Amino acid sequence: MTEIDISPALAGTYRAFKTIDAHTEGEPLRIITSGYPEIKGETILEKRKFVAENWDVYRKLLMHEPRGHADMYGALVTEPVTDGADFGVLFLHNEGYSSMCGHGILALVKVMCETGSIMLEDLPRVIKIDAPAGLITATAYRDFEGKILASFKNVDSWAEAKDCEVMVDGFGLVRYDIGFGGAYYAYVDADDHGISCSQDNVAQLIDIGRRIKHAVIDAHPLNHPVEEDLSFLYGTIFTSKKVTNKEAHSRHVCIFADGEVDRSPTGTGVAGRIALLHAKGEVALNDKLMIESIVDGRMIVSATAKSLYFGKHAVVPEISGRSFITGKHQFFIDPDDVFQNGFMLR
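Residues numbered from 1 in each chain as written. Predicted model: local features only at pLDDT ≥ 70, side-chain atom pairs only at ≥ 80, totals over all residues. Heavy atoms only, no water.

**Structural notes on helix α5 (residues 202–219)**
Over its 18 residues, α5 runs 25 Å from end to end, which matches the ideal 26 Å to within 8%, given 1.5 Å per residue. The set of residues buried in α5 consists of Leu-205, Ile-206, Ile-208, Gly-209, Ile-212, Lys-213, Ala-215 and Val-216. Where α5 is buried, its residues touch β9 (157–168), β10 (172–180), β11 (184–189), β12 (233–240), β13 (250–256) and β14 (260–261). (Helix = DSSP H or I, 4+ residues; strand = E, 2+ residues; numbered from the N terminus. Expected span 1.5 Å × (residues − 1). Buried < 20%, exposed > 50% of the residue type's maximum accessible area, 1.4 Å probe, protein only. Contact = heavy atoms within 4.5 Å.)

**Looking at the domain arrangement of the protein**
If you check the domain split of the protein, you get domain 1 (8–153 + 325–333) and domain 2 (157–318). On a C-alpha basis, the centroid separation for the pair domain 1 and domain 2 is 24 Å. With 25 residues of domain 1 at the interface, the matching set in domain 2 holds 29 residues. Summed over both partners, the interface of domain 1 with domain 2 comes to about 2000 Å²; 54% of that surface belongs to carbon and sulfur atoms. (Domains from an automatic or database assignment. Buried area = accessible area lost by both parts, 1.4 Å probe.)

**Points about the nonpolar core**
The biggest cluster of nonpolar side chains holds 84 residues, and the ones touching the most others in it are Phe-91, Ile-105, Val-109, Ile-127, Ile-129 and Phe-238. Looking at which element gives the most residues to this core, the answer is helix α4 (residues 102–114), with eight residues. Not counting residues up to four positions away in its chain, the partners in contact with Ile-105 are Phe-91, Met-100, Ile-129, Ile-136, Ala-138 and Phe-152. Grouped together as the second largest cluster of nonpolar side chains are 17 residues, Ile-32, Ile-44, Met-63 and Ile-333 included. (Core = buried A, V, L, I, M, F, W, Y, C linked by side-chain atoms within 4.5 Å.)

**Here's the deal with the pattern of salt bridges**
Applying the stated criterion across every chain yields a total of 17 salt bridges. One salt bridge connects Glu-25 with Arg-322, and the closest N-O pair in it is separated by 2.7 Å. Within this pair, whereas Glu-25 is found in the loop between β1 (15–24) and β2 (27–34), its partner Arg-322 is found in the loop between β17 (312–320) and β18 (323–333), the two being separated by 297 residues in sequence. Under the relative-accessibility criterion, Arg-322 is labelled partly exposed at 37%. The closest approach of N and O atoms between Arg-67 and Asp-337, which form a salt bridge, is 3.0 Å. (Salt bridge = Lys/Arg side-chain N within 4 Å of Asp/Glu carboxyl O.)

**Focus on the packing of aromatic side chains**
Using the criterion set out here, one finds 18 aromatic pairs in the structure. Aromatic ring contacts, followed pair by pair, group Tyr-73, Phe-91, Tyr-185, Tyr-187, Phe-232, Tyr-234 and Phe-256 into a single cluster. (Phe/Tyr/Trp six-rings, centres within 6.5 Å; stacked < 30°, edge-to-face > 60°.)

Below you can see the structure in the form of structure tokens.
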């Protein structure tokens, strides 16, 4: 077959972006390796603000159609900002920028080690990552078959609120908890509310998940104890005891950002959930739970230690999951492209 490629002369008229794509337990991650202009800021939160205010057009370009889709997720690697960190990361999605992403951390670590960007020898390698929610400590190692496995210890996570109620327009009374695992989520028992967490019910899950999120935002203001930029509800997580894997503790379906559906159990989501379960006395320290996702992906989570985070009684969760490289891409912006900001259709 004849190879088709863009000529160097034509490519010189385009802005180009290079990415490595991966997924963790089915949830995509587009890792942007080149193409962005300089990202200024002394801290990761300053870098996130700078990117949002100056280069948001590139988020839309790479996350939205026709290059992405409504459920695309991205990671923009930056220089580290704290002593001892290996690199920093900003997380992108259809609506904007998140404070933390567990599936993204796991995929980043796997890709960095798989490509040799971070050298992995025989012993486990500790990798420190500056994320908007704080410094993340990940570990990568090779198993007896030589395959790379990854896990990470998350930021301090806690039960923000338990046993709350809110009236949701078009649905009725909803009972919920709020947990923080790098982002705030409203946790709703789907079984208790007669909501199916199966793949064929995704449209209803998106609709009700959005309604619950906005109702909780109106009824329950959030104030992160340190960073105002983290004081927002990221999404709704439906939990269910109706699982397909008999070893799973429960199922998660996370509806976040502008109606995105997480294909994984949600790394920050399982962190907040283990904090809630521990606060309710339902799990002990170091109890390992398997949480499955809407597509039967799974993550393992445990609360490894108790902590006190600026007055919050918290735990330090550890999360693991499986990640895989899916592609390597080069995207271009034709200066005459009428859809440079992209669009979203479901």
